[in-house]
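Spelled out from the first residue to the last, the chains are:
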Amino acid sequence: MYFLILGPILSISSSNWILCWSGMELGFFSLMPLLLMGNFSMSKGVVMKYFSIQAFSSVLLFFSGMMIFSFFYKDTIILLMFLFSVSLKLGFFPGHFWVPSVVSGLDWFSCCLILGPLKIAPLALLVIFLQLYSNLQVTVMFLGVLSAFYGAILGNNQTNIRAMIGASSISHTGWMINATIFGQMWMYFSVYMVTLFMFLFMMMKLDYLNAMMNLISMSGLPPFFMFIMKVNILYNLITMNVWPFMALLILSSVISLVFYLKFSYSLILNTNVFKSMYLYIFMILNLFGVFFIFFGGRKISQ
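This is a predicted model, so every value here is computed, not measured. Along each chain, numbering runs from 1 in the same order as the chain's sequence is written. Residue-level local features of this predicted model are given only where pLDDT is at least 70; pairs of side-chain atoms are given and counted only at 80 or more, and the full residue set underlies all totals for whole chains, interfaces and linings. Only hydrogens and water are set aside when side-chain values are computed; all heavy atoms of the structure are taken into account.

Peer 1: How should I be thinking about helix 6 (residues 108-115) in this particular structure?
Peer 2: Because an α-helix packs 3.6 residues into every turn, residues spaced three or four apart end up facing the same way. Throughout this description, buried means an accessible area under 20% of the type-specific maximum (1.4 Å probe, protein chains only), exposed means over 50%, and partly exposed covers the range between. Here a helix means four or more residues in a row that DSSP labels H or I, a strand means two or more in a row labelled E, and each is numbered from the N terminus. Summarising burial for helix 6: seven of the eight residues are buried, a large majority. Residues W108, S110, C111, C112, L113, I114 and L115 constitute the buried set of helix 6.

Here's what the structure looks like:
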């Protein structure tokens, strides 16, 4: 766990490409023993699949990153190779295919590790990459929209709640990619990670009522915080006059709402009583989204 935390910190604080890449690999290799310690029956084969895909993406990332950040090579093939390797690391389109199958074979604690800390360093790299090559922002936005849309469709085809969380991660990563263009990605990432970790923690504790509330929050329904994050991204898309992207993102949210509500209904059927105070605390915190809507509306009207 120490090296899992140290790896992303080393990556985002380094100005040398070798050290930056080494930090990502440090976090990746420290994750392997933690995944193998899981008690879930399918974890061993899934870990080998995850290791193979991430090792392949690391090779592509090292070569393309060396050409871009060290030798300042601007060939289109190298830039696309870098984007593909980052998509494999983060699990967005077109490198999204491994996420549901890997997440569905792990326990809840391992899902926290894969979907959380290891995304920090690739996201920071993507932010720097888009600052250097701003002409690729529209391409990256298009990939993010496709990721959100495909994740919504993929989630409706899942019957396993872990696989559904993987599809949800693909969709939310697409929203994060779009938020990267406006400099609001870390805010979206923080809200999503807190909500996701609370959901996974409640599932570990078999507290299905609170897990259901966190799952509805991830869907982006008002007045939850995730709704504020999504509206903020849509507002920035409107200011850029990219209406097709905005329409596809809204459509993906509507489609994903179907499986969020379906699994929320399944969770609440397993609930007997309101046995925890966390539910009320979480509802009060999320209702602060109403105040954000109110003050945001006043600011726009002024």
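Having seen it, we continue.
Peer 1: What is the right way to look at the side chain of T180 in this model?
Peer 2: With respect to the element layout, T180 can be found in helix 9 (residues 161-182). Any pair of residues with heavy atoms lying within 4.5 Å of one another is described as a contacting pair. Apart from the residues within four sequence positions on either side, T180 is in contact with V127, L130 and M185.

Peer 1: Mind showing me how you'd approach the nonpolar core here?
Peer 2: A general tendency of soluble globular proteins is for nonpolar side chains to be buried together. In terms of nonpolar packing, the biggest core is built from 96 residues, with Y50, F82, I114, F129, F199, L215 and L237 touching the most fellow members. If near-sequence neighbours (up to four positions away) are discounted, F82 is found in contact with W17, L61, S64, G65, I68, F69, L125 and F129. Put simply, a nonpolar core is a bunch of buried Ala, Val, Leu, Ile, Met, Phe, Trp, Tyr and Cys residues held in one set by side-chain atoms that sit within 4.5 Å of each other.

Peer 1: Even after reading the chapter, I still don't get a nonpolar patch on the surface, so can you show me in this structure?
Peer 2: By definition, no residue in a patch forms a salt bridge, and every one has over 30% relative accessible area; like charges are joined within 9 Å, nonpolar side chains (Val, Leu, Ile, Met, Phe, Trp, Tyr) within 5 Å. To measure how exposed things are, a 1.4 Å probe is used in the Shrake-Rupley method; for residues, cover is taken only from the protein chains shown. Every case where a carboxyl oxygen of Asp or Glu lies within 4 Å of a side-chain nitrogen of Lys or Arg is listed as a salt bridge. On the surface, M1, F109, F201 and M204 cluster together into a nonpolar patch covering about 370 Å² of accessible area. Structurally, the position occupied by M1 is in the segment before helix 1 (2-13).

Peer 1: For this particular structure, what's the right way to read the packing of aromatic side chains?
Peer 2: To describe a pair of aromatic rings, one takes the distance between the centres and the angle between the planes. Aromatic pairing here means that ring centres of Phe, Tyr or Trp (its six-membered ring) are within 6.5 Å. Orientation follows from the plane angle: under 30 degrees is stacked, over 60 is edge-to-face, and everything else is tilted. Inspection of the entire model under this criterion finds 15 aromatic pairs. Centroid distance F69 to F82: 5.7 Å. Interplanar angle 75°. Geometry classified as edge-to-face. Placement of F69 in helix 3 (residues 43-70) and of F82 in helix 4 (residues 76-90) is noted, with a sequence separation of 13 residues between them. Aromatic pair W108 and F199: ring centres 6.3 Å apart, planes at 85°, arrangement edge-to-face. Placement of the pair is W108 in helix 6 and F199 in helix 10 (residues 185-204), with a sequence separation of 91 residues. Each member of the pair, W108 together with F199, is buried. An aromatic cluster is built from W17, F69, F82, F129 and Y133, whose rings are joined through pairwise contacts.

Peer 1: How do you make sense of the environment of L130 when you look at a structure like this?
Peer 2: Tracing the backbone through its elements, the reader meets L130 in helix 7 (residues 120-132). Distance in space between the C-alpha atoms of L130 and T180 is 8.4 Å, their sequence separation being 50 residues. With near-sequence residues (within four places) excluded, L130 lies in contact with L136, Q137, V140, T180 and I181.

Peer 1: Explain the state of the cysteines to me, please; I cannot follow it from the model alone.
Peer 2: By definition, a disulfide links the sulfur atoms of two cysteine residues through a covalent bond. Disulfides are defined as pairs of cysteine sulfur atoms found within 2.5 Å of each other. The final tally for this structure, using the stated rule, is zero disulfides. Left unpaired, C112 is separated from the closest cysteine sulfur, that of C111, by 7.1 Å.

Peer 1: Hey, could you run me through the packing of helix 10 against helix 11 (residues 208-219) in this one?
Peer 2: The description of two packed helices rests on the angle between their axes and on the distance between the axes. Fitted lines through C-alpha atoms give the axes, limited to the stretch in contact for helices. The angle between two N-to-C directions lies from 0 to 180 degrees. In contact at an axis separation of 8 Å, helix 10 and helix 11 are set at 155° when each is read in the N-to-C sense. One element, helix 10, and the other, helix 11, form an angle in the roughly antiparallel class. You can see that helix 10 and helix 11 cross each other, and the crossing is left-handed. In contact with Y192, T195, L196, M198, F199, M202 and M203 of helix 10, helix 11 contributes Y208, N210, A211, N214, L215, S217 and M218. Convention used here: angles under 35 degrees read as roughly parallel, angles over 145 as roughly antiparallel, angles from 65 to 115 as roughly perpendicular, and any remaining angle as oblique. Each crossing gets its hand from how the near helix is turned against the far one by less than a right angle, where anticlockwise is left-handed and clockwise is right-handed.

Peer 1: Help me understand helix 7, please; the structure alone is not making it clear to me.
Peer 2: Over its 13 residues, helix 7 runs 19 Å from end to end, which matches the ideal 18 Å to within 8%, given 1.5 Å per residue. Of the positions making up helix 7, those classed as buried are A121, P122, L123, A124, L125, L126, F129 and L130. Here the expected length of a helix is defined as 1.5 Å per residue gap, with one fewer gap than residues.

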